[in-house]
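Listed below, chain by chain, are the residues.
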Amino acid sequence: MVTKAPPALPTFIPLDEAARKYGYDEARLRALIERGRIKAAMVMGELVVDEETLPRRKEDMPEYKKFEHLSGLPLSIREAARAYNIYPSTLQRWVAKGYIKIIGREGRKVLVDQQDVAYCASIYEQRNFQYPLSDRGGC
């Protein structure tokens, strides 16, 4: 007779440790807790979070790493819009939400990281250009 192992219990870690370990701002994590995106509890007066429900960093995802050859290459919003067939306003929204890094400025032009643009564009395309990018995985 084969017995199944019981499901693993969630691993809860203190909020400040989660922020440090995964590179997130504590305020952002608190906002995600309030919206029900991250499971959390109070243990002996300390806020702890379920590590499994934390947003994954896009930098750690294989889908992001496949665009590594584009890392650090600057593109203006207009160039990115043309190259990836995405409205400039959509790209600007992703920059404002922190999905795409600003890596410089050239006069009035904002220069963004092409790796971030390529990754977000691929996720957006997979979702048939209609679903918003989310807090999970950066895009």
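Residues numbered from 1 in each chain as written. Predicted model: local features only at pLDDT ≥ 70, side-chain atom pairs only at ≥ 80, totals over all residues. Heavy atoms only, no water.

Caption draft 1: How the structure looks around the pattern of salt bridges. Under the counting rule described, the total for this entry stands at 4 salt bridges. The closest approach of N and O atoms between Glu51 and Lys21, which form a salt bridge, is 2.6 Å. Residue Glu51 is located in the loop between β3 (46-50) and α3 (62-65), and its partner Lys21 is located in helix α1 (residues 15-22); the two are separated by 30 residues in the primary sequence. For the salt bridge of Lys101 with Asp116, the shortest nitrogen-to-oxygen distance reads 3.6 Å. Taken as a pair, Lys101 in the loop between α5 (88-97) and β5 (102-106) and Asp116 in helix α6 (residues 114-126) lie far apart in primary sequence, 15 residues in all. A residue is classified by how much of its surface remains accessible, and Lys101, at 34% relative accessible area, is partly exposed. Asp116 gets classed as buried once you look at its relative accessible area, which sits at 0%. Several salt bridges converge on common partners, so that one network encompasses Lys101, Asp113 and Asp116. (Salt bridge = Lys/Arg side-chain N within 4 Å of Asp/Glu carboxyl O. Helix = DSSP H or I, 4+ residues; strand = E, 2+ residues; numbered from the N terminus. Buried < 20%, exposed > 50% of the residue type's maximum accessible area, 1.4 Å probe, protein only.)

Caption draft 2: Region of interest: the pairing of strand β2 (residues 40-43). Here β2 pairs with β3 via 4 bridges, running antiparallel. When the sheet's bridge partners are listed, Ala41 is paired in β3 with Val48. Where β2 hands over to β3, the hairpin turn is made up of 2 residues, of which Met44 adopts a positive phi near 50°. (Pairing = 2+ DSSP bridges.)

So far we have only geometry, and geometry alone does not tell us how the molecule works.
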